[in-house]
Amino acid sequence: MTGRLEAWLYVAQRGSAFVLAPLVVVHLATMIYAIRGGLSAEEILSRTEDSAVWGSVYGLFVAAVAVHAPIGVRSIVREMTPWKGRSLDVAALLFCALIVVLGVRAVGALL
Amino acid sequence: MSGREPPEPELVVEIWRGRESGEFVPYRVARRENQTVLDVVSHVQRRIDPTLSYRFACRVGMCGSCAMTVNGIPRWTCRTRVDRVAGNGRVRIGPLRNMPVIRDLAVDMAPFFDKWQRATGRFVPSDADNRRTFARVPPGSRERQAADAGIECIGCGVCYAACDVVAWNSDYLGPAALNRVWTLVNDSRDGARREHLAAAAGDAGCHQCHSHQACMSYCPKGLNPTAAIAGLKRETVKSLLRGEL
Amino acid sequence: MGGMKYAIASRNHPVYWAFVLHRASGLALAVFVPVHLYTLSLAVREAARFDAFLEWTENPLVKGGEALLVLLLAGHLAGGLRLLALEFLEWRDWQKSIVAITLGIAAACGLLFLMNAP
Ligand code: SF4
Ligand code: SF4
Ligand code: FES
């Protein structure tokens, strides 16, 4: 059973990485472009408000990060600290939930 | 050493004495041409301190029993020339990492080999009910070459000693055992593919590997356990998605 | 007498350093993501506070920190692509040179960010 869990986590980790790769490229490019001439709330909003494209890009981004980051942090904790087991898995799930909640709020605010 | 000092240049070797706790003890050994690290250790044991414990058998790189940590790197000592490792005339020799030290340079390799069993590193003939058939596998075929890629392992434990995941997760099966399973998964005569993949995918299996290639960098036989483990990752994921794991 | 203390020299090879960078950047990004999302959501709710926050980011130290995050993100991306290639493509002997290429990509992104920053 734990073997299957580890295998599924591996699939989720690499799967989310495949999704993240192009999104991070877009994010890096936008960032490098957006900071030219300064950044302001208004300027960010004018780009994203009412934009279904940006909304779905960032929505997908948040979802993929919420999968990718907790799995990675869980591995680091398992290997480099004595903390393992159920309680760690629950903590990773909570971290995932935190990213989802903050992410939904942020994307909601941008639209 | 008995009598006169030899005129040749000397080598200072520091050798681990003790178990998990102990100390590096310096010895002076005459430096010779083509001397191997194992020659140096044997010289210390035969001429300076007969209580030094270490292990070797074949002296020609076949048995895999002589591996030690030389200047922080795991190596097969019978095939490691002193010239290659003693740039500044100093060599520090310790037991392999990641295995319990029995004494001095001898480690307990039982946990290492137990993991080969746990990883199902045994060949299971596919024609169990009719063993008289003769499997025809052309040596040049792709499948046979895939299996052959990892077959020359001598079980020296160098890769296992170099792997940090073993150090962090003492259950991790490790590069050698997983490399062995991969040769079996690729062996068309083997009849236990599903069992092999299930064993390789466990909590302590291939998905724990971080591909940092310490194993392939130091394997004295030039094998590539990282690639074998990557293959296991792909095949276990396929069988997971097919619901076979 | 004491525990065995000596440098684990076997760690000193390029792919191991790539692994260390991947792990460190991943951890740093995981810490940064919640903070980043939180400050972003201020954008609409309290535009004034967000702009004040953006002003704070004009500070050269903060700018440096941001450039570092860009560098980490680019580095984690490049290192991740290397891992995906290693695990999902057939093994090639160019694996070692990829480490250098990924470092180059990360450095280029960080530089571009700094050059574009006002
Ligand atoms: S590549 Fe995998 S098995 Fe090899 S040393 Fe690194 S973690 Fe261990
Ligand atoms: S894979 Fe290489 S390093 Fe590992 S046990 Fe076999 S021969 Fe030794
Ligand atoms: S003594 Fe047999 S491999 Fe070194």
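Above this text sits the structure in question.
Fair warning: this is a prediction, and the values are worked out from it, not measured in the lab.

Asks: So what's going on with the overall build of chain B? Residues and values would help.
Replies: A count of helices and strands for chain B gives ten helices and seven strands. If one aligns the C-alpha atoms of chain B with their principal axes, the spans along those axes are about 70 × 35 × 30 Å. Sequence-distant contacts, at least 24 apart, represent 64% of the contacts inside chain B between residues at least 6 apart. Accessible area for chain B stands at about 11300 Å²; split by element, carbon and sulfur atoms hold 48% of it. One way to put it: in chain B the 35 positive side-chain charges average out to a point 3 Å from where the 26 negative ones average out.

Asks: How would you sum up the interface of chain B and chain C? Please name residues and give values.
Replies: Between chain B and chain C, the residue contacts involve 34 residues of the former and 26 residues of the latter. Note on chain B versus chain C: buried area summed over both sides is about 2400 Å², and carbon and sulfur give 57% of it. Put simply, chain B and chain C have two salt bridges between them. Applying the counting criterion to the chain B and chain C interface returns ten residue pairs in polar contact (both at pLDDT 80 or more). For the side of chain B that touches chain C, the elements supplying multiple residues, two or more each, are strand S2 (21-30), strand S4 (73-76), strand S5 (90-94), helix H6 (164-168), helix H9 (214-218) and helix H10 (225-241) of chain B. A per-element tally of the side of chain B that touches chain C places H10 of chain B first, with five residues. Here the side of chain B that touches chain C is composed, by residue class, of twelve nonpolar, 13 polar and nine charged.

Asks: Explain the pairing of S5 of chain B residue by residue, including any values.
Replies: Residue and element names in this part refer to chain B. Judged from the four bridges that link them, strand S1 (residues 10-18) and S5 form a sheet pairing that is parallel. What sits directly across from Ile15, in S5, is Ile93. Bridging between strand S3 (residues 67-70) and S5 involves two bridges; their strand directions are antiparallel. In the strand pairing of S5, Val70 is matched with Ile93.

Asks: Tell me what's going on with the side chain of Gln35 of chain B, and back it up with residues and numbers.
Replies: Residues and elements named next belong to chain B. Position of Gln35 among the secondary structure elements: in the loop between S2 and helix H1 (37-48). A distance of 2.9 Å separates the side chain of Gln35 from the backbone oxygen of Ala30, its partner in a polar contact. Polar contacts involving the side chain of Gln35 include one to the main-chain amide nitrogen of Arg32, which spans 3.0 Å. Setting aside its immediate chain neighbours within four residues, Gln35 contacts Val29, Ala30, Val40, Thr80, Arg81 and Val82.

Asks: Before we move on, could you go through the interface of chain A and chain B and cite the residues and values that matter?
Replies: Tallying the contact residues gives twelve residues for chain A and twelve residues for chain B. Across the contact surface, chain A and chain B share one salt bridge. One can count four residue pairs in polar contact (both at pLDDT 80 or more) joining chain A with chain B. The element best represented in the side of chain A that touches chain B is helix H1 (residues 2-34) of chain A, accounting for nine residues. Looking at side-chain class alone, the side of chain A that touches chain B contains five nonpolar, two polar and five charged residues.

Asks: So what's going on with the site of ligand 1? Residues and values would help.
Replies: Around ligand 1 lies a shell of 13 residues, among which Cys163, Cys209, His212, Gln213 and Cys215 of chain B are the nearest. Of the residues contributing to the shell around ligand 1, the split by class is eight nonpolar, five polar and no charged.

Asks: Run through the nonpolar core, naming residues and quoting values.
Replies: Among the nonpolar cores identified, the biggest contains 66 residues, and Val13, Ile15, Ile93, Leu105, Tyr172, Leu178 and Leu232 of chain B are the most heavily contacted of them. Considering every element that reaches this core, the biggest residue donor is helix H7 (residues 175-185) of chain B, with six residues. By size, the runner-up hydrophobic cluster in this structure holds 38 residues, among which are Ala21, Leu45, Leu102 and Leu110 of chain A.

Asks: Describe the packing of aromatic side chains, with residues and values.
Replies: Residues and elements named next belong to chain B. Throughout the structure, instances matching the rule amount to ten aromatic pairs over all chains. Feature note: the residues Phe112, Phe113, Trp116 and Tyr160 constitute an aromatic cluster, connected by ring pairs. Between Arg92 and the ring centre of Phe24, over which it is positioned, the NZ or CZ distance is 4.1 Å.

Asks: Any details on the site of ligand 2? Residues and values, ideally.
Replies: By nearness alone, every residue bordering ligand 2 is listed as Cys153, Ile154, Gly155, Cys156, Gly157, Val158, Cys159, Ala176, Cys219, Pro220, Lys221 and Leu223 of chain B. Of the residues belonging to the shell around ligand 2, the class tally is nine nonpolar, two polar and one charged.

Asks: Which residues make up a negative patch on the surface, and what are the values?
Replies: Among the surface-exposed residues, Glu42 of chain A together with Asp51, Glu55 and Glu58 of chain C lie close enough to one another that they form a single negatively charged patch. Relative to the assigned elements, Glu58 of chain C resides in the loop between helix H2 (47-56) and helix H3 (60-88). You can call Glu58 of chain C partly exposed: its relative accessible area is 42%.

Asks: Describe in detail the side chain of Thr77 of chain B, supporting the description with residues and values.
Replies: Residue and element names in this part refer to chain B. In this fold, Thr77 is placed in the loop between S4 and helix H2 (82-85). A distance of 2.8 Å separates a polar side-chain atom of Thr77 from the backbone oxygen of Cys66. If we ignore the near neighbours within four places in the chain, the residues touching Thr77 are Thr36, Val37, Leu38, Cys66, Met68 and Val70.

Asks: Could you give an account of helix H4 (residues 86-110) of chain A, with specific residues and numbers?
Replies: Structurally, the α-helix is built with 3.6 residues per turn, so residues lying three or four positions apart point the same way. Across its 25 residues, H4 of chain A extends 36 Å between first and last C-alpha, which sits within 8% of the 36 Å expected from 1.5 Å per residue. Taken as a whole, H4 of chain A has its buried residues at Leu88, Asp89, Ala92, Phe95, Ile99, Leu102, Gly103, Ala106, Val107, Ala109 and Leu110 of chain A.

Asks: Summarise the environment of Leu11 of chain B; cite the residues concerned and give the values.
Replies: Mapped onto the fold, Leu11 of chain B is located in strand S1. For the pair Leu11 of chain B and Val40 of chain B, spaced 29 residues apart in the sequence, the C-alpha separation amounts to 9.2 Å.

Rules used in this analysis
- Residues numbered from 1 in each chain as written.
- Chains lettered and ligands numbered in written order.
- Predicted model: local features only at pLDDT ≥ 70, side-chain atom pairs only at ≥ 80, totals over all residues.
- Heavy atoms only, no water.
- Helix = DSSP H or I, 4+ residues; strand = E, 2+ residues; numbered from the N terminus.
- Contact = heavy atoms within 4.5 Å.
- Areas by Shrake-Rupley, 256 points an atom, 1.4 Å probe, with all protein chains shown as cover.
- Lys, Arg positive; Asp, Glu negative; His and termini not counted.
- Charge placed at Lys NZ, Arg CZ, Asp CG, Glu CD.
- Buried area = accessible area lost by both parts, 1.4 Å probe.
- Salt bridge = Lys/Arg side-chain N within 4 Å of Asp/Glu carboxyl O.
- Polar contact = N/O pair within 3.5 Å; in protein donor to acceptor, adjacent residues only side chain to side chain.
- Nonpolar A, V, L, I, M, F, W, Y, C, P; charged D, E, K, R; others polar.
- Pairing = 2+ DSSP bridges.
- Near = heavy atom within 4 Å.
- Core = buried A, V, L, I, M, F, W, Y, C linked by side-chain atoms within 4.5 Å.
- Buried < 20%, exposed > 50% of the residue type's maximum accessible area, 1.4 Å probe, protein only.
- Phe/Tyr/Trp six-rings, centres within 6.5 Å; stacked < 30°, edge-to-face > 60°.
- Lys NZ or Arg CZ within 6 Å of the ring centre and 35° of its normal.
- Patch = residues over 30% accessible without salt bridge, like charges linked within 9 Å, V, L, I, M, F, W, Y side chains within 5 Å.
- Expected span 1.5 Å × (residues − 1).

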